[in-house]
Amino acid sequence: MLEDNSDDAAFILKTINRAHLNIETKVVSNRQDFVAVLDAYSPEIMLSDHQLPQFTSSEALQIARAKFPFIPFILVTGAVSEEFAASIIRAGADDYLLKSNLKRLPTAIKQAIERKRTEESLQKSQESKELAELELKNAHERLLFHLENTPLGNIEWDNEFLIKTWSKRSEEIFGWSESEVIDQQRNGFSIVYEGDMRMTVRVAQQLLSGDIERNNIQNRNYTKDGRVIWCDWFNSVMKDKDGKVITIMSLVQDITARKSFEEILREYHDRYQLLSKATNDAIWDWDIKLDFVVWTHGIQTIFGYRGREITPNKDWWNEKIHKADQGRVIRGMSEAFTAKVSNWTSDYQFQCSDGTYKHVLDRGYIIYDNDQPVRMIGSMQDITKQKEFVEEIEKLSLVASKTSNSVVITDADDHIEWVNEGFVSMTGYTLQEVRGLNPGHFLQGLETDRGTVKRIQEKLQKQESFTEEIVNYSKDDRKYWVRLDISPVFDDKGQLKHYIAIQTDISPQKAFENQITNIARDLSSLIENANVPIFGIDRNGDINEWNLIAAELLEYEKSDVIKKEWMQLFDPSIYKKVEDILEKVFTGKSTRNYELPLVSKNGKHLIMLVSISPRMDSNKDIYGAICVGQDITELFRYRQGLEKMVKERTRDLNEALQKEKELVEMKSKFVSIASHEFRTPLSTISLVAGLLKKHHGKISATEFDTKLETIEKQVLNMTYLLDDILTIGKADAGKILTNYSSISIEDFFNQTAREIEQNDGTHKIKVKLSCTIKEFTSDEKLLRNILINLLTNAVKFSSLIKTVYLTVSNSSDFLQFTVEDKGIGIAQEDMANIFTAFHRGGNVGTIQGTGLGLSIAKKAVDLLNGEITVQSKVGKGTVFTIMLPLLLV
Amino acid sequence: MKKKILVVEDTFEALDNLRELLELEGFEVVTAANGAEAMYKFYLFTPDIVITDLRMPKMDGFTFIEKLKKTEALKSIPIIVFSANATSENEHNSLQSGAALFLKKPCPTEVLLKSIHSVLDGTIS
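Treat the numbers as computed from the prediction; the structure is a model and nothing was measured. (Residues numbered from 1 in each chain as written. Chains lettered and ligands numbered in written order. Predicted model: local features only at pLDDT ≥ 70, side-chain atom pairs only at ≥ 80, totals over all residues.)

### Section: the overall build of chain A
As a reminder of what qualifies: Here a strand is any run of E in DSSP of at least two residues, a helix any run of H or I of at least four, and the numbering for each starts at the N terminus. Every C-beta atom is placed from the backbone, and the number of other C-beta atoms within 10 Å of a residue's own sets its class: buried at 20 or more, exposed at 12 or fewer, partly exposed in between. Contact between two residues is assigned whenever their backbone-derived C-beta positions fall within 7 Å.
From N to C terminus, chain A includes 27 helices and 32 strands. Within the span of chain A, comprising 889 residues, buried residues form 23% of the whole. When contacts within chain A are restricted to residue pairs at least 6 apart in sequence, those whose partners lie at least 24 apart make up 49%.

Have a look at this one:
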C-alpha cells in the first residue's frame, strides 16, 4: 500500500481486515520505499494513493507495471477528476476507489486479482501455441530432410495399393520415376519378385485388415531394368478416427549386397564345417581382438581335448606348445604380424590331453584390418608319423654309413657289391680287395663252426632273413665272433636282388659268455663233486640242486627229490624253524651254521650243519637259495655224550668238594671242641695240683688222698676221651678195618653186661636172650664198642631206677638187640644231634661224659651195615634198638 | 673284711676245687653252675669279683656278662672269664662284652690267684 497519510492507511487496512481477505500488507509512503518493497516483497496486489510526497500514482503504476505486468494496481484516492481516473485506467491501473467510499474495496481487490490471473494465463497459452507451431514446422522440415536423404526409400500406398508417395531414394532403388508410379495401376510395372509374391500379398492384407500396425519383411523385388534385388521393408499403417486404414507407409532398403555377403558367408561356413569334418587336421579360428579361438573337432580327435578342457584363447594354445619350441613359434607369429604377411607356418610339438606331445605343422592365414591383425584362421596337422619316419630314415642312413658294425651288400649270387667303413676296419679288407668275392670264402677259418656255415647256406638258398653267430677271421688272421643279420632284398617284381649282411663284433660278449659258461660249468661241477652235501631250492622251496654227497647221505637219488619240497627232508619238529630261516634267506640274508635234524630216505636221523645263501640273478632278484651242509651227526652225538659226562663229573666234583668242605669244617670244629674237652680236666688237675702245692700243710691226709684221686680220675677221663677221639678219627679216616668172626651170642652179651655191672657197682643189667641162633658173624671189637657205649650211657643216666634191660633176638636176616633204661630220657630238641660228636643233652647236669659215646656207637653200626634207632621220653627212659644183618659165612 | 667272690662253673670237680682253693686264699666264695643261677646269687651276695666259665647250660657266660653290664649298679663289678674255649675269638668277645680279664684253662694256680688280686686292686680293669 502506497499511502502517506497514516490515518487513511489504518482505515483502509481496517476495511480489508473486516472483509476477512486475509491479506498481509506493507505500507510505504515514498518512491524509494516503494521500489525497495517491490524488490523484496513481490506483492499480489498494489493499492496506491494518488498524491504522494514527490511521487504520484502514475509514476508508481509505471514502475509497478515494468516489474509485475500481471499484479493488479488499484488506485485508492481522495477526490480526483473523472478524466484522471479514465487516464490512469488506460495507463494500466485495474481499478480506482474513493477513500470516501471504500465499501467496494474488498470486491475490487478480488476482481482485480481474478482478472489479472486470467490475463496472465491467456498470455502464456498464446506464447506456447506459437512455440508448438515453430517446433512442428522444424520437425516437418527435419522429416523431409530425412526422407530425402535417408538410404531408405519412402513409399506411401493408399488402401487400394495405389502409390501416393515415391521418394527420390525409391527412384534410385527401383529405377522408376515418380511420375511412372504415382496413382498408376501396377500393370505398368511389376515391383514384386514372383517367388516372394504370396508372402508379400499376405503381409499387405494383414496390414490393410488392421490386424497389425507395422511389420518388417525381407523379400526380393524387381527393378525397372529387370534385376532382382533384395529389399528390407518397414511397413506401418495410418488410420483415421474410425480406425479405418488410410495409407500404408513403407520404408525400403536395398540389402542385396549384404544379402549376398551373408550367403557367401553361410556357404563358406558350410564348406568350412564340411572341410573340417573331412580333414584330420585341427582347424582353428582366432579372433585376435577378442582373443577368442574356435577349434574344430580335430582338437579332440588328434589331441584328445574335450570341450571343457579347452580354454578358447591364445594363451591356452601357447601353453600346450612344447617349451623347446614355444619361443620360436611365438616369435615367428609376431614377425608375420609385423611384416603384414598373410601366411604363417610353423612346426612344433603340441601337448596332447594325456601329456604326450605330437609333432604338428601349423599353417595360419592372417586377416588384417587397417594393418592390424584381427583374425587368424589356420589348421594344425599331425605330422608325428612323418617326423618319426624322417627320423628313422635319418637314423638308418647314419647307421649304415657311420656304424662300427660292418655292412656288406652282395648280389643275389652272394658276391660282394659294397662294404662300409665298419667292414673295412673290422676285417682289414678294402672294398677293392673283396668286390665280387663270396664273403664266406675269405672270412671263415679253422674254428668256424661247419654246422653254422651249413645252416647259413641253407637259409641263403631259402632267401630268408636270419641271424647267426659265427667265428670269422680278419685279414691279419685275428679271430673274432660276429653276429650276422642277413636280409634278402627283392625288387618290385619280387626278384631277389641283393643280400644285406650286418656283422656285429660280439667277441667281447662271446668271451664273456664263454667265461660265464665256464664259471657255470665249474660251479656245477663243484657243486656236484663237492664232498659236502649241497642242495639248491627255488623260491617255492622245491629242490632244484642235489649233489652226490647229498644223495649219499640222505639216500635219495637226485631224480627222487628234484621238484620235491625241501621241507620234507626235515624232522617235522623243526618245520617252523626251517620256514623262518628260508624267509630270512629270501630277504637276501645269508645264514650260517644252523644245526638241523634231517631224516634220510630210510628213516636215518642226521644232524646237518647248514649254511644257506640266497641266489640272485643279474638284477639282484632272489630266485632261490643254495644250502651247503655238513653231516655232524657223529660229532653231535659225541658232543651230547661229552656234555652229559661233563655235567655228571661236575656234579660229582661239586659233591665231593662239598663233602670235603663239610669234612674240613667238621674236623676244625672237632678239634676245637676236643681241645675244650681236654682243657677242662686239665684245668681241674692244675687247680688240685696248685692247691696241694700251696696248702698241703693245711690239708688232712684223707683229703690229700681224695685230691690225688681226683687227679687220677681226671687223667682217666682224659684217657677215655683220647681213646674215643682216636676211634672216631680212625672211623672218619676210613681206617677201621672190619674183622669178622663167629661170635657166641650168649657169651658175648652176658659177659659184656657183667663187665659193666662190675665197673659200675650200682646197677643191675637184666639180659634176655631169645635167639634162634647161637652164634653170628660180626666184628667183635665194633660190637663191643656199640654195646659198652649204650650200656654205660643207660647206667650213667638212670641214677634212680638202677635196672637196665638188654634183649637180644633175631629174624632170618637180622640180629636185633635193645638197651633200655628208666632214666632221665632225651629231650625232643636233642634228638637230632644225639649222634653228633661232643653233643650232650641239655639235661645231663653234672653227669660226666665226653659226648662221644653215641657218635662212636653210630659209626660202628654203620661199619657193620646195621641200623640204630632210638625212642625216648624225658624222665621216663630211653630205648636204643640196633639191627645188624646176619651174614652167611 | 673278706672279699666276696662269685665262681660260675658247670663242671663239678672244677667248681669244687676252685671254691676250696679260693677259701684257703681267704675269700668268701659263692658258686653257681650256670649264668641263670649266677644272676640270682649275684643279687643275693653282691660279690666283689666274678669268675665265670663261658660254656654252660641254661645261660652261657656271654649272656651272663652282658646282663651284668646292662645293670647300672652292677656293671662296675669286675669279671674274669675262665674258659677252656681258648680261642682268640672268645677272648676278644669276652673283653668286648666287658670282662676285665680272659684266662685260659688250664691255668697255673699262681697266675689265677695273682690275676684275681690284680683285678681287685684295680691294677687290671
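### Considering the sheet that holds strand 14 (residues 357-369) of chain A
Residues and elements named next belong to chain A. The line we're drawing: Only when DSSP finds a minimum of two bridges between them are two strands counted as paired. An axis is simply a line fitted to the C-alpha atoms; with a helix, the fit covers only the stretch in contact. Between two such axes, the angle follows the N-to-C directions and lies from 0 to 180 degrees.
Pairing in this open sheet of 5 strands is antiparallel, and the strands run 12-11-15-14-13 from one edge to the other. Because the sheet does not close on itself, it has two edges, and the strands there are strand 12 (292-295) and strand 13 (343-351). Neighbour-to-neighbour, the strand axes of the sheet open up by a mean angle of 25 degrees, direction not taken into account. With 6 bridges joining them, strand 11 (residues 282-287) and strand 15 (residues 372-382) adopt antiparallel strand pairing. What sits directly across from Ile-283, in strand 15, is Ser-379. Along the sheet, helix 12 (residues 323-339) contacts strand 13, strand 14 and strand 15; its crossing angle with strand 13, the most-contacted strand, is approximately 160 degrees.

### Overview of the pairing of strand 10 (residues 245-254) of chain A
Residues and elements named next belong to chain A. As paired strands, strand 6 (residues 153-158) and strand 10 are joined by 6 bridges and run antiparallel to one another. Residue pairing in the sheet places Asn-154 in a bridge with Leu-251 of strand 10. Pairing of strand 9 (residues 228-239) with strand 10, which is carried by 9 bridges, proceeds in the antiparallel orientation. Bridging from a neighbouring strand, Ser-236 pairs with Met-249 of strand 10. Count of turn residues in the strand 9/strand 10 antiparallel hairpin: 5 residues, of which Gly-243 carries a positive phi of about 90 degrees.

### Notes on the environment of A:Ile212
Residues and elements named next belong to chain A. Mapping Ile-212 onto the fold places it in the loop between helix 8 (197-208) and strand 8 (214-222). As a C-alpha pair, Ile-212 and Ser-236 span 24 residues in sequence and 8.5 Å in three-dimensional space. Ignoring sequence-local partners within four residues, the contact set of Ile-212 consists of Gln-206 and Leu-207.

### Looking at the packing of helix 22 (residues 633-695) of chain A against helix 1 (residues 12-24) of chain B
Helix-helix packing: each pair is described by the crossing angle between the helix axes and the interaxial distance. Formally: Should an angle fall under 35 degrees it is taken as roughly parallel, and over 145 as roughly antiparallel, whereas 65 to 115 is taken as roughly perpendicular and any remaining angle as oblique. Here is the rule for handedness: rotate from the far helix to the near one, and if that takes an anticlockwise turn smaller than a right angle the crossing is left-handed, while a clockwise turn gives right-handed.
At a minimum axis distance of 9 Å, the contact between helix 22 of chain A and helix 1 of chain B shows a crossing angle of 25 degrees. Judged by the inter-axis angle, helix 22 of chain A sits roughly parallel to helix 1 of chain B. Remark: the crossing between helix 22 of chain A and helix 1 of chain B carries left-handed chirality. For the pair formed by helix 22 of chain A and helix 1 of chain B, the contact residues are A:Thr680, A:Ser683, A:Thr684, A:Leu687, A:Val688, A:Gly690, A:Leu691 and A:His695 on the first element and B:Glu13, B:Ala14, B:Asn17, B:Leu18, B:Glu20, B:Leu21 and B:Leu24 on the second.

### A look at the interface of chain A and chain B
Contact with chain A, which involves 20 residues of that partner, is made by 20 residues of chain B. Those elements that place two or more of their residues in the side of chain A that touches chain B are helix 22 and helix 23 (701-732) of chain A. Residue contributions to the side of chain A that touches chain B peak at 15 residues, all from helix 22 of chain A.

### As for the environment of A:Val870
Residues and elements named next belong to chain A. Its location among the elements puts Val-870 in strand 31 (residues 867-873). When the C-alpha positions of Val-870 and Thr-818 are compared, they lie 9.5 Å apart, and in sequence the two are 52 residues distant. Ignoring anything within four residues of it in the chain, the contact list for Val-870 reads Ile-834, Thr-878 and Phe-880.

### Some words on helix 5 (residues 109-121) of chain B
Using the following cut-off: How far a helix is expected to stretch is found by multiplying one less than its residue total by 1.5 Å. To obtain the arc, one takes the directions from the helix axis to the C-beta atoms.
In this model helix 5 of chain B runs 18 Å from its N-terminal to its C-terminal C-alpha over 13 residues, within 8% of the 18 Å that 1.5 Å per residue would give. The set of residues buried in helix 5 of chain B consists of B:Thr109, B:Leu112, B:Ile116 and B:Val119. Down the axis of helix 5 of chain B, the buried set is contained in an arc of 100 degrees. They therefore lie on one face. Opposite the buried face of helix 5 of chain B, at more than 90 degrees from it, the exposed residues are B:Glu110, B:Lys114 and B:Asp121. On its buried face, helix 5 of chain B is in contact with helix 22 of chain A together with helix 1, strand 3 (49-52), strand 4 (79-83) and strand 5 (101-104) of chain B. Phi for B:Gly122, located one or two positions after helix 5 of chain B, is positive at around 90 degrees.

### Quick look at the pairing of strand 19 (residues 479-490) of chain A
Residues and elements named next belong to chain A. Pairing analysis gives 8 bridges linking strand 18 (residues 466-473) to strand 19, with the strands arranged antiparallel. By the bridge assignment for strand 19, Glu-469 is matched with Arg-483. Of the pairings in the sheet, the one linking strand 19 to strand 20 (residues 496-505) comprises 9 bridges and is antiparallel in character. Looking at the pairing, Ile-486 lines up with Ala-501 of strand 20.

### Considerations on the sheet that holds strand 29 (residues 803-810) of chain A
Residues and elements named next belong to chain A. Spatially, 27-29-30-32-31 is the arrangement adopted by the 5 strands of the open sheet, whose pairing is mixed. This sheet does not close on itself; its edge strands, each paired only once, are strand 27 (764-770) and strand 31. Neighbouring strand axes in the sheet, compared pairwise and without regard to direction, differ in orientation by 15 degrees on average. Bridging between strand 30 (residues 814-821) and strand 32 (residues 877-885) involves 8 bridges; their strand directions are antiparallel. Note on strand 32: the bridge partner recorded for Phe-814 is Pro-885. Strands strand 27 and strand 29 of the sheet are contacted by helix 24 (residues 745-760), whose axis makes an angle of about 170 degrees with strand 27.

### Some remarks on the packing of helix 22 of chain A against helix 23 of chain A
All names here are of chain A. Remark: helix 22 packs on helix 23, axes separated minimally by 10 Å, with the N-to-C direction vectors making an angle of 165 degrees. As summarised for this structure, helix 22 and helix 23 are arranged roughly antiparallel, according to the angle between their axes. As helix 22 runs across helix 23, the sense of the crossing is left-handed. When helix 22 is examined against helix 23, the residues Ala-674, Glu-677, Phe-678, Pro-681, Thr-684, Ile-685, Val-688, Ala-689, Leu-691 and Leu-692 are found in contact with a partner set consisting of Phe-704, Lys-707, Thr-710, Ile-711, Gln-714, Asn-717, Met-718, Leu-721 and Ile-725.

### Quick notes on the nonpolar core
To keep things clear, this is the line we draw: Put simply, a nonpolar core is buried Ala, Val, Leu, Ile, Met, Phe, Trp, Tyr and Cys residues tied into one set by C-beta atoms within 7 Å.
Core analysis: the largest hydrophobic core is formed by 36 residues, its most contacted members being B:Leu6, B:Val7, B:Val8, B:Ile79, B:Ile80 and B:Val81. The element that contributes the greatest number of residues to this core is helix 1 of chain B, accounting for 5 residues. Contacts of B:Leu6, omitting those with residues within four sequence positions, involve B:Val30, B:Ala32, B:Ala38, B:Lys41, B:Phe42, B:Phe45, B:Pro47 and B:Val50. Membership of the second largest hydrophobic core comes to 35 residues, among which are A:Val819, A:Ile824, A:Ile826 and A:Leu854.

### With respect to unusual backbone geometry
The peptide bond linking B:Lys105 to B:Pro106 adopts the cis configuration, its omega dihedral lying at -10 degrees. Here the phi dihedral of A:Asp291 falls at roughly 50 degrees; this positive angle occurs in a residue that is not glycine. Mapped onto the elements, A:Asp291 comes out in the loop between strand 11 and strand 12. With 11 C-beta atoms packed within 10 Å, A:Asp291 lands in the exposed category.

### Remarks on the confidence of the model for chain B
For clarity, the threshold we go by: pLDDT measures the predictor's confidence residue by residue and takes values from 0 up to 100.
Mean pLDDT over chain B: 87, with 98% of residues reaching 70 or higher. Confidence metrics for the complex model read pTM 0.37 and ipTM 0.85.

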